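Descriptive structure summary
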Amino acid sequence: MKFNRRQTFAALGATLAMPYVRPSWAQAGSVNIYNWADYIGETTLEDFETKTGIKPVYDTYASAEEMQAKMLAGQTGYDVVGHSGLNMPQMIAAGVYQPIDHGRIANWKDMDPDVLAMEAVWDKDNAHGVPYMWGSVGVTYNLDMVKERLPDADLNSLDVIFKPENAAKLADCGISLLDSPTDVIPMALRYLGMDGDTTNVDDYKKVVELLKPIRKSIRTFDNTNYLNAIPNGELCAVNTWSGDYLVARSRAKDAGVDINLAYFVPKTGAPAWVDVLALPSDAKNVENGYAFLNFLMQPEVIAACSDFTGYANASLAATALVKESIRTDPAVYPDATVKSRLWAPKPYNEDQDRAMTRAWTEIKTGG
Amino acid sequence: MNRRPTFLLSCLMFGIAFLYVPILSMIVFSFNNARLATVWGGFSTKWYGKLFQNDQVLEAAFLSLRVALVSATVATILGTCAGIALARLRRFRGRTLLSGMVTAPLIMPDVITGISLLIFFILLGSWIGWPAERGFTTVALAHITISVTYVTTIIQSRLSQSDLSVEEAAMDLGSRPWQVLRDITLPIISPAILSGWLLAFTISLDEVVVTSFVTGPGTTTLPILIWSKVKLGVTPDINALATIIVAVVTVGVLIGWAILTRSDRRRRRDMRLAEQSNA
């Protein structure tokens, strides 16, 4: 085992170059997509490649903050990015996304005008984002456990959670709130009969006062773990996003757990959310980006996405093609009454952001 | 009278349980028939089948292995150079600065390393056009940056324990510096090089924070993929993959340990022989 210098370096060079030897798809055309994990139809990407010959590269992020930090830094190399509508104003102001030519998306005409109107609150004239999935903030109840403790509760009302005497009764079966001030605080403001979009930051103090007496009854503030905790029967009144209730139900079914779940949007009003797809300003494959959006917005394609994710899409033409169990579930596809309870919260300014974060810390620590 | 061994033994058992019970439960649940991670639904190997159909996970795993291979190798080379320099060049201009700078990344929070690398790559991209796009190269470079510190520290401490006079003797007998390095220094530190490489490999394989800043299109590493799947709950095929990785790592560590003990034994024997012939 004696090597001279040249042999050593040659061997090293060859070893290090090895990982670079791989098929290159750059010249065949590709589109780089950045989105939540599993937030697309099961076969959408393969179908897209078969149909157009463009290679889709699907990368995932773990948190919206991580994605936003990278988008703001720029030069990400992505062509299509999944983004929450609520955070679009900052991104548009920073010039992260380019305006979208609606004429290049053949099925733009199918878009639900209600969803477009909500998205327009964050993105004037829907100029920068194509609405993808949308839904509401509400409460998922384990009906059997809640009925046992509060037989005549009106589950359409947030009294069930926000009244201290009710919360105390539910404390042993588990109350959870979303760990997301931008979802909980506006909902609580509306419950108190105030403007959910208030710019008077002193109003947040009233929310702190509201939640203080029930803090000890709240088991956890959480955005994801409830997907397993609900089927396990560890929680009974869970503040969730609309689609999560379906996920929890199907998990319970898979595990053979018999559970009776229901999702309610509070009658005092709750924030709606719309996730959009946007094209970064520095996207390299804009043509392919449009090709992808165009493909995705076809009714049968976007319906398959809803089938897999359990969220409602924004295309009216696709509704009839979505799996019946999802399409007819008022939690996912709300009826007119529930839809009238939803509103798209106005974007927050920096003062609100700061005050909200402070109020949230107080709420969580029991201030 | 027999108290102490019992106490120590229970400490040992507790420590081992603390380390390995979580891994063991993950292995057990990879054979779970149910989709829920916490409800036992009977024995099944279906998640292993699912895993090998899941291209996304397999691609990510393969990418992570390639990154780990490249970054561990480069980091070991650079770390060995730095370690030898710090241990052998007793005094040179900027020695304190270099040794301080080499160990600084050890205590630097990952987030800061990540952000600074991200900004650096973006600036570099706009100045000289490279890297035009973040991806495999930038991830590998970031991992090298992190792990080179560990390798340097290992090599340096190994060399400071060994005897400088052997190298001086070889030099006196007419060896050129390259021959001294190849025939004397490298064999002495070869166990350290191997353990440095293994450490760098492991660091690269499970690095999340820095990686998430410097990845680009098509380079989602395994830890990032798993982390991003948490939003919708981790599926048991990840348990299956983790079980396979644990198995591979266990075999790797056993082989590495066997090689290390063997070379250590040989070194001791050689030293004893050398002492005897001196006497």
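Residues numbered from 1 in each chain as written. Chains lettered and ligands numbered in written order. Predicted model: local features only at pLDDT ≥ 70, side-chain atom pairs only at ≥ 80, totals over all residues. Heavy atoms only, no water.

1. Focus on the packing of helix α2 (residues 44-52) of chain A against helix α13 (residues 286-296) of chain A
Residues and elements named next belong to chain A. Going by this rule: Axis definition: a line fitted to C-alpha atoms, over the contacting stretch in the case of helices. Angles run 0 to 180 degrees between N-to-C directions. Every helix listed is a DSSP run of H or I at least four residues long, and every strand listed is a run of E at least two residues long, numbered separately from the N terminus. Should the near helix be turned anticlockwise from the far one by less than a right angle, the crossing is termed left-handed; should it be turned clockwise, right-handed. Two residues qualify as a contact provided that any one of their heavy atoms is within 4.5 Å of a heavy atom in the partner residue. As a working rule, the residues Ala, Val, Leu, Ile, Met, Phe, Trp, Tyr, Cys and Pro are called nonpolar, Asp, Glu, Lys and Arg charged, and the rest polar, with Gly in that last group.
α13 packs onto α2 with a crossing angle of 120° between their chain directions and a minimal axis gap of 11 Å. Both α2 and α13 take part in a crossing whose hand is right-handed. Contact residues: Thr44, Leu45, Asp47, Phe48 and Lys51 in α2; Asn288, Ala291, Phe292, Phe295 and Leu296 in α13. Taken together, the residues that form the contact of α2 with α13 break down as 6 nonpolar, 2 polar and 2 charged.

2. So, the domain arrangement of chain A
Residues and elements named next belong to chain A. Counted only if it meets this: Those domain boundaries reflect an automatic or database domain assignment. Note: buried area is the sum, over both parts, of the accessible area (probe 1.4 Å) each one loses when the two are combined. Any Lys or Arg side-chain nitrogen located within 4 Å of an Asp or Glu carboxyl oxygen qualifies as a salt bridge. Contacts described as polar in this section are N or O atom pairs within 3.5 Å, which, within protein, must combine one atom able to donate a hydrogen with one able to accept it, while residues neighboring in sequence count only if both atoms come from side chains.
Here chain A is described as being made up of domain 1 (28-135 + 273-343) and domain 2 (136-272 + 345-365). Of the roughly 1900 Å² buried at the junction of domain 1 and domain 2 (both faces included), carbon and sulfur atoms supply 63%. Per-residue buried area on domain 1 facing domain 2 is highest for Trp273, Arg341 and Trp343; these three make up 42% of the total on that side. Linking domain 1 with domain 2 are 1 salt bridge, by the criterion used here. In this structure, arginine 249 and aspartate 329 form a salt bridge, with 3.9 Å as the shortest nitrogen-oxygen distance. Our count for the contact surface shared by domain 1 and domain 2 stands at 10 residue pairs in polar contact (both at pLDDT 80 or more).

3. Considerations on the pairing of strand β1 (residues 30-36) of chain A
Residues and elements named next belong to chain A. Put simply, the rule is: Classification of residues uses two cut-offs on accessible area relative to the type maximum, computed with a 1.4 Å probe and protein chains only: under 20% is buried, over 50% is exposed, and between them is partly exposed. Orient the strands so they point away from the viewer; a crossover is then right-handed if the path from the first strand over the helix to the second runs clockwise. For two strands to count as paired, DSSP must find a minimum of two bridges between them.
For β1, the tally of buried residues reaches 7 of 7 residues, placing the bulk of the element in the interior. The β-α-β motif built from β1, the intervening α2 and the parallel element strand β2 (residues 55-61) has right-handed crossover chirality. Examined bridge by bridge, β1 and strand β3 (residues 80-84) share 2 bridges and lie parallel to one another. When the bridges of β3 are listed, tyrosine 34 appears paired with valine 81.

4. Focus: unusual backbone geometry
Going from Trp130(B) to Pro131(B), the amide bond is cis rather than trans, its omega being -5°. Among the secondary structure elements, Pro131(B) is positioned in the loop between α5 (110-128) and α6 (136-161). With a phi angle near 50°, Gln75(A) is a residue other than glycine that sits in the positive phi range. Judged by its relative accessible area of 31%, Gln75(A) falls in the partly exposed class. Even without being glycine, Asp125(A) reaches a positive phi, approximately 60°. As for its placement among the helices and strands, Asp125(A) is situated in the loop between α5 (113-122) and β4 (130-142). On the basis of relative accessibility, which here comes to 54%, the residue Asp125(A) falls in the exposed class.

5. Focus on the state of the cysteines
Residues and elements named next belong to chain A. Formally: Cysteine sulfurs are considered disulfide-paired once they come within 2.5 Å of each other.
Counted under the stated rule, the structure contains 1 disulfide over all chains. Through a disulfide, cysteine 173 is tied to cysteine 236; the S-S separation comes to 2.0 Å. Disulfide cysteine 173 to cysteine 236: torsion about the S-S bond roughly 55°, handedness right-handed. With cysteine 173 in the loop between α8 (164-170) and β5 (175-177) and cysteine 236 in the loop between α11 (226-229) and β7 (237-241), this residue pair connects regions lying 63 residues apart in the sequence. When sorted by exposure, cysteine 173 lands in the same class as cysteine 236, which is buried.

6. Details of the packing of helix α7 (residues 164-172) of chain B against helix α8 (residues 177-206) of chain B
Residues and elements named next belong to chain B. In contact at an axis separation of 10 Å, α7 and α8 are set at 145° when each is read in the N-to-C sense. At the point where α7 passes α8, the crossing takes the right-handed sense. Of α8, the residues touching α7 (which contributes Val166, Glu167, Ala170 and Met171) are Val180, Ile184 and Thr185. Partitioned by chemical class, the residues of the contact of α7 with α8 number 5 nonpolar, 1 polar and 1 charged.

7. Focus: the pattern of salt bridges
All names here are of chain A. Taken as a whole and judged by the stated rule, the model has 19 salt bridges over all chains. Measuring nitrogen to oxygen at the nearest pair gives 4.0 Å for the salt bridge that ties lysine 109 to aspartate 110. Lysine 109 sits in the exposed class, given a relative accessible area of 65%. With a relative accessible area of 14%, aspartate 110 lands in the buried category. Here the salt bridges share partners, and the residues they tie into one network are Asp112, Asp114 and Lys339.

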